[in-house]
Amino acid sequence: MSCGSNRATKENFESYRSNAGKVMGEIFLEMLQPLWERYPELRPKEMDGIYEVNPQIHEPHFYKPDENT
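The rules behind the values
Residues numbered from 1 in each chain as written. Predicted model: local features only at pLDDT ≥ 70, side-chain atom pairs only at ≥ 80, totals over all residues. Heavy atoms only, no water. Helix = DSSP H or I, 4+ residues; strand = E, 2+ residues; numbered from the N terminus. Buried < 20%, exposed > 50% of the residue type's maximum accessible area, 1.4 Å probe, protein only. Areas by Shrake-Rupley, 256 points an atom, 1.4 Å probe, with all protein chains shown as cover. Salt bridge = Lys/Arg side-chain N within 4 Å of Asp/Glu carboxyl O. Phe/Tyr/Trp six-rings, centres within 6.5 Å; stacked < 30°, edge-to-face > 60°.

A.B. asks: Any details on the overall build of the protein chain? Residues and values, ideally.
C.D. replies: Across its full length, the protein chain carries one helix and zero strands. Taken across its 69 residues, the protein chain has 7% of its residues classed as buried. Just so you have it, the protein chain exposes about 6,500 Å², and 54% of that area is on carbon and sulfur atoms.

What follows is the structure in structure tokens.
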């Protein structure tokens, strides 16, 4: 949520944050919840489901994590 917060006025940033939160809530309530109700096997473990996301498929091909961390 920090995107653009250094360049925007406080009022604009708070509006952005509020609207982004509303969009995230709508996605969760109107898309993800019904999807997981119909296909519970797709609910990720992080959301108390059984689906385990393979982290290798979500990292950009150019991302090379530091092996020492």
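A.B. asks: A description of the pattern of salt bridges should follow, citing residues and the corresponding values.
C.D. replies: All told, the structure shown has two salt bridges when counted by the stated rule. The residue K10 makes a salt bridge to E14 at a minimum N-O spacing of 4.0 Å. Taken together, the positions of K10 and E14, both in helix α1 (residues 10–38) and four residues apart, correspond to about one turn of that helix. Under the relative-accessibility criterion, K10 is labelled exposed at 63%. Look at E14 and you get partly exposed, because its relative accessible area is 36%. Put simply, K45 and E52 hold a salt bridge, and the shortest N to O gap is 3.4 Å.

A.B. asks: Lay out the packing of aromatic side chains with the relevant residues and their values.
C.D. replies: Taken as a whole and assessed by the stated rule, the structure comprises two aromatic pairs. Measuring from centroid to centroid gives 6.1 Å for F28 and W36, while their planes differ by 75°, and the two rings are edge-to-face. Among the residues examined, F28 registers a relative accessible area of 28% and is labelled partly exposed. Residue W36 is classed as buried on the basis of its relative accessible area of 7%.

A.B. asks: Which residues make up unusual backbone geometry, and what values do they have?
C.D. replies: Despite not being glycine, D48 has its phi angle at roughly 65°, a positive value. Its location among the elements puts D48 in the segment after α1.

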